[in-house]
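Structural description and commentary
Residue strings, one per chain:
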Amino acid sequence: MTALSAPMPFFSCRRAAFAVAALLAVLPPSGGACAEPTFSFDAAPGKLARTVVPVNYAIELEPDLQGLTFNGNETVDIELREAATQITLNAVAMTIADAAIDAETDHAAVALDAAAETATLSFTHPLAPGAHRLRLSFTGKINPFARGLYYVDYPTESGSRRMIASQLEPADARRIFPCWDEPAFKASFALTVTVPQSFLAVGNMPVVQEQPSGADRKRVTFAPTPKMSSYLFVFVTGELERIATEADGVNVGVVTTTGKSEKGRFALENGAKLLGYYNDYFGARYPLPKLDLIAVPGGFGGAMENWGGIVFFESALLFDPLANPETARRNIFSIIAHEMAHQWFGDLVTMGWWDNLWLNEGFASWMQEKAAEQFYPQWRTWLNGYAQKQFALALDARRTSHPIQQKVADQSEAMTAFDGITYNKGQAFIRMLESYLGEDAFRSGIRSYMAAHAYGNTTTADLWQALEKAAGKPVADIAAGFTEQSGVPLVVAETACDGAGQHLTLRQDRFANVPAHSFDGRNSAEGREPRHWKIPVALGTPGAAAPSQVLLLDDSADIGAGACGAPVKVNFGDIGYYRVEYGPNSRVALLQALPQMAVADRLNLLTDNWALASAGRADPASYLSLTEALQADDHRVVWDQVIGAFAALDHLARGDSGRPALQAYARARLRPVFDRLGWDVKGPGDDDDTLLRARLIRTLGEYGDADILAEAKRRFASFLNDPKSLPPALRDAVSQVVGLSSDRDTHEALLALARKSTATNERVRYYYAAAGGRAEALARATLDLTLTNELPNTIRGNMINIVASTAERPDLAWDFVQQHLDVLTAKQGPDFRDHFVPNFMTNFNDEAHANELKAFAPAQATSGGRVMTARALETMAIAVDEKTRVLPLVEAWIAHHADGAR
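Predicted model only: the values in this text are computed from it and were never measured.

Conventions used here
Residues numbered from 1 in each chain as written. Predicted model: local features only at pLDDT ≥ 70, side-chain atom pairs only at ≥ 80, totals over all residues. Heavy atoms only, no water. Helix = DSSP H or I, 4+ residues; strand = E, 2+ residues; numbered from the N terminus. Rg over C-alpha atoms; globule rule 2.2 N^0.38 Å. Buried < 20%, exposed > 50% of the residue type's maximum accessible area, 1.4 Å probe, protein only. Contact = heavy atoms within 4.5 Å. Areas by Shrake-Rupley, 256 points an atom, 1.4 Å probe, with all protein chains shown as cover. Lys, Arg positive; Asp, Glu negative; His and termini not counted. Charge placed at Lys NZ, Arg CZ, Asp CG, Glu CD. Expected span 1.5 Å × (residues − 1). Polar contact = N/O pair within 3.5 Å; in protein donor to acceptor, adjacent residues only side chain to side chain. Pairing = 2+ DSSP bridges. Axes fitted to C-alpha atoms, helices over the stretch in contact; angles between N-to-C directions. Parallel < 35°, antiparallel > 145°, perpendicular 65-115°, else oblique. Left-handed = near helix turned anticlockwise from the far one by under 90°. Nonpolar A, V, L, I, M, F, W, Y, C, P; charged D, E, K, R; others polar. Phe/Tyr/Trp six-rings, centres within 6.5 Å; stacked < 30°, edge-to-face > 60°. Salt bridge = Lys/Arg side-chain N within 4 Å of Asp/Glu carboxyl O. Disulfide = S-S within 2.5 Å. pLDDT = per-residue confidence, 0-100. Right-handed = clockwise from strand over helix to strand, strands pointing away.

Comments concerning the overall build of the protein chain
Each helix and strand in the protein chain was counted, giving 27 helices and 29 strands. Radius of gyration (C-alpha) of the protein chain: 27 Å, near the 29 Å computed for a compact globule of 902 residues. In terms of overall dimensions, the protein chain has C-alpha extents of about 90 × 65 × 55 Å along its principal axes. In the protein chain, which comprises 902 residues, the proportion classed as buried is 63%. Considering only intrachain contacts with a sequence separation of at least 6, the fraction spanning at least 24 residues in the protein chain is 72%. Working note: accessible area of the protein chain is about 30800 Å², and carbon and sulfur atoms make up 51% of it. Distance between charge centres in the protein chain, computed from 83 positive and 105 negative side chains, equals 3 Å.

A word on helix α1 (residues 265-282)
Helical geometry note: an α-helix holds 3.6 residues per turn, so side chains three or four residues apart project in the same direction. Here α1 contains 18 residues, and its C-alpha end-to-end distance of 26 Å stays within 8% of the 26 Å for a straight helix at 1.5 Å per residue. Judged by how many residues are buried, α1 sits mostly within the fold: 13 of 18 residues are covered.

A look at helix α13 (residues 620-628)
Looking only at α13, the buried set comprises Pro620, Ser622, Tyr623, Leu624, Leu626 and Thr627. For α13, the N-terminal cap is Asp619; the gap from its side-chain oxygen to the backbone nitrogen of Ala621 is 2.8 Å.

Structural notes on the sheet that holds strand β14 (residues 217-222)
Sheets are built from strands paired through backbone hydrogen bonds, the pairs being either parallel or antiparallel. Taken in spatial order, the seven strands of this open sheet run β5-β8-β3-β2-β11-β14-β13, and their pairing is mixed. Every interior strand has two partners, whereas the edge strands, β5 (94-101) and β13 (207-212), have only one. Averaged over all neighbouring strand pairs, the angle between strand axes comes to 15°, with direction disregarded.

Observations concerning the packing of α1 against helix α3 (residues 358-375)
Remark: α1 packs on α3, axes separated minimally by 11 Å, with the N-to-C direction vectors making an angle of 110°. Classified by the interaxial angle, the pair formed by α1 and α3 is roughly perpendicular. For the pair α1 and α3, the crossing hand works out as right-handed. Only Trp366, Met367, Lys370, Ala371, Gln374 and Phe375 of α3 make contact with α1, whose side of the interface consists of Lys273, Leu274, Tyr277, Tyr278, Tyr281 and Phe282. In the contact of α1 with α3, the residues fall into nine nonpolar, one polar and two charged.

A few points about the sheet that holds strand β4 (residues 84-90)
Ordered in space as β4-β7-β6, the three strands form an open sheet in which the pairing is antiparallel. Whereas interior strands pair on both sides, the edge strands pair on one side only; in this sheet they are β4 and β6 (109-113). Neighbour-to-neighbour, the strand axes of this sheet turn through a mean angle of 25°, independent of strand direction.

As for the packing of aromatic side chains
In the structure shown here, the tally under the stated rule is 45 aromatic pairs. Aromatic pair Tyr277 and Tyr278: ring centres 5.7 Å apart, planes at 40°, arrangement tilted. When its relative accessible area of 13% is taken as the criterion, Tyr277 is described as buried. Seen in terms of ring centroids, Phe832 and Phe836 are 4.5 Å apart; in terms of plane orientation they differ by 15°. Their pairing is stacked.

Quick look at the pattern of salt bridges
With the rule as written, the count across this model stands at 53 salt bridges. A salt bridge links Glu239 to Arg161, with the nearest nitrogen and oxygen atoms 3.2 Å apart. Of this pair, Glu239 sits in the loop between β15 (235-238) and β16 (240-247) while Arg161 sits in strand β10 (residues 159-167), and the two are 78 residues apart along the sequence. Residue classification places Glu239 among the partly exposed residues on the basis of a relative accessible area of 27%. Among the ionic pairs, Asp554 bridges to Lys534, the shortest N-O distance being 3.2 Å. Remark: Lys534 occurs in the loop between β24 (501-511) and β25 (535-540) and Asp554 occurs in the loop between β26 (549-553) and β27 (556-560); sequence separation between them is 20 residues. A relative accessible area of 36% places Asp554 in the partly exposed class. Looking at Lys534, the relative accessible area reads 23%, which means it is partly exposed. One salt-bridge network, in which partners are shared between bridges, spans Arg147, Asp172, Arg175 and Asp831.

Details of the environment of Ala710
Structurally, the position occupied by Ala710 is in helix α17 (residues 706-721). C-alpha of Ala710 to C-alpha of Val737: the two residues are 27 residues apart in sequence and 9.8 Å apart in space.

Re unusual backbone geometry
Looking along the chain, the bond that leaves Glu169 and enters Pro170 is cis, with omega of 5°. Examined against the element boundaries, Pro170 turns out to sit in the loop between β10 and β11 (188-196). In the Ramachandran plot, Asp574 falls in the positive-phi region, its phi being about 55° despite a non-glycine side chain. In this fold, Asp574 is placed in the loop between β28 (569-570) and β29 (579-582). On the accessibility criterion, Asp574 (8% relative accessible area) is buried.

Thoughts on the side chain of Arg763
As for its position among the elements, Arg763 is in helix α20 (residues 760-771). One buried charged side chain, Arg763, makes no salt bridge at all; its nearest oppositely charged neighbour is Glu790, positioned 6.4 Å away. A polar atom in the side chain of Arg763 sits 3.4 Å from the backbone oxygen of Glu790. Sequence-distant contacts of Arg763, defined by excluding residues within four places in its chain, comprise Pro155, Ala754, Ser757, Glu790 and Pro792.

Points about the state of the cysteines
Counted by the stated rule, this structure contains one disulfide. Here Cys497 is linked by a disulfide to Cys564, with a sulfur-sulfur distance of 2.2 Å. Placement of the pair is Cys497 in strand β23 (residues 488-498) and Cys564 in the loop between β27 and β28, with a sequence separation of 67 residues. Take Cys497: its relative accessible area is 42%, and that puts it in the partly exposed class.

Remarks on the confidence of the model for the protein chain
Within the protein chain, residue pLDDT values average 92, and 96% of them lie at 70 or more. Note on residues 5-34: pLDDT under 50 across the span, and 104 contacts to partners over four residues away in sequence or across chains.

What about the packing of helix α5 (residues 386-396) against helix α7 (residues 420-437)?
It is at 8 Å that the axes of α5 and α7 come closest, and there the two elements cross at 120°. Between α5 and α7, the crossing angle belongs to the class labelled oblique. As α5 runs across α7, the sense of the crossing is left-handed. Between α5 and α7, the contacting residues are Gln388, Lys389, Phe391, Ala392, Leu395 and Asp396 on the first element and Gly420, Ile421, Asn424, Lys425, Gln427 and Ala428 on the second.

A look at the pairing of strand β18 (residues 290-296)
With seven of seven residues buried, β18 lies mostly within the body of the structure. Neither face of β18 is open: one carries Lys290, Asp292, Ile294 and Val296, the other Leu291, Leu293 and Ala295, and all of them are buried. One crossover worth recording links strand β17 (residues 250-257) to the parallel β18 by way of α1, and it is left-handed. Examined bridge by bridge, β18 and strand β20 (residues 309-313) share five bridges and lie parallel to one another. Bridging across to β20, Asp292 finds its partner in Gly309.

Shown next as structure tokens:
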């Protein structure tokens, strides 16, 4: 599953509204007696008894799109492993009208447990071990939020339309039909639906029969699926259309609302290419006869890997060259590649329980980058995606981090596992491991793993066994330190000379960012406990094409390092998952070699310096001095990192008297970079300069650059008269800058553009820009808008966040959330209470707001909510600490060095 990133304050990231990590877990530093066992169905975690096993579901659904309910019937073939008088399965937010087993007259008493999300069926006589057939009739709700079946109202040229779709991960199949809703219970699913005659219905498998069913309705039957977990079930229906092609014997399609299918051509072309690539890479052919990529204009802001029917938020799948910048192709390809990789890693082979979610998400995140390097090497995806690893490293340095393999108690906690540790640390570790083992050996191990576990479940240990056998290297020992414990390795490096020449000393430590004070009772020693890793460390000479040496650092090492004074880059190529702290000698040599470094190594030096300064292991002056050595024509990612550091400092400085000077310094450093690029897009527009130009416009506008603000307003005014006058590559940036300084007329003009458009990406662009208005009246208008049904549910929370991060009075947003919590939760679902509220509070960086969150009982009503609250409190504690410790040093340095700032 992919969660798209949103305009978030301070710590947004690639694809996610990932929350900050949580649940410190102290685990053994290596495998040994505590290592995870290979998968066993009986031993797999979960709430349901293993004495009843579903084999096949035959499900019939009939949705009522006006009443927003559905009727359902199902027949479930089950295997009873021992005699029983009761059967317990999952069901929530539904009514079960009847339950019978085998003979139609053998009915059960049904007891629903809303808290446990189960239904217990009690029979009048014992059921013998063996095969049985269970029949159930039920009714349920079609939700306004993306859990279970949900509806989406969307605009068209001829008025509003309604469609429905499903979103089930991690545990919401139980909202559509009673089932064994845990990933270890794999079964086949045969679906039949009754829908309006004008609707297209899409499921996991192809349609095998359509027949009339009363006035203006039809009954649609799909072929049964292979064995799969319940969360992979999909059902989408509405006024839809489909384009398709054949690829490796599979019918690949793109499904859109009526009139938009041609915008799916880029997705269709790349979906077909990826299918062939993955068939070869995994050594296992995609086993279903069709694969649909389905664009939904609302519901949830991401994508979901349902087997054979991947659902995408519309703007994550469709590309319109008249409205999208060319660079949007990168994000679309990345998300398609991620979700299609899941068709093998997650769907064909599935983790046994949510504690191994990273087997799905970490590998799909890694595979999306590998596929992009294969088909679009000019994008330099690993380099340009550097922020993904940096986000993970930042989270993993906190006390609230968790191991990649984390304990998950229930479905509420499972929701919290979809975070930057699972996705991004998983991705980064796999990349480092592949580099250490070698591409061929790694792929051989993956192929063996797929062949051995197809249609089954696994744990991480199953994967390590396959890789270790293929590579002949101690995979499990290396992996244990990175997956079974939290924390970031730190490699401390220093050079020294003696009569024998230069030698390099390496030793490992733990990198941690622990604030001086805690808002949730943690002590300052927590998060600093010793850790041990076996770290693949690559060493090289700046500018060289490849590392000169790769060693497995177990504790410390002392090695020869060339001539005295020669620079040695540690983490050569920036592939390793660790920080590096250089001693004085090494640092001087590396700074002198900065121009000769490959971009990835120069970037790595910057990111580590910034992290060390933020965590109190270095003076911020060391980072700022490094940025002063950068040239205006350096690569996008280098300046992107600097912009990110300025943004973090600007967040800390809200309400601080030194903020104007900080922003002036940022303008002075960034304006020459923009002046080199200029306003106008050159070439095809699918390049790194296009991305950098747009970010510089947004940043300089936010920091009050008068020329940028004036030109953005001029171009926006021209755009209102002639839409072709503003290239798609500049529309997001210009709209956002205009929105920040908008008056009532401009605010209304932005809303009019959003309301006029039927394209999801355009609607999102202009709604977000309107939400950025800083004036109190405009902020209140935006907040009031979130209570209406005008906005797609996908963006309602982001609109509130934008107000909190940009408005003159950010407390307006917090007051609004508290006042309207029940209404907003009804619209957005329980995730609004459990996830949104804690994340929202990280807009603030003071103790008073931290205490308000700590006392806010609704956000801690579930175990998942408590996890998210702990993470948010840690984020706020770090911000308060850095505001006290880092910001004054930065402001003092700027006052001394930035006489030329404007």
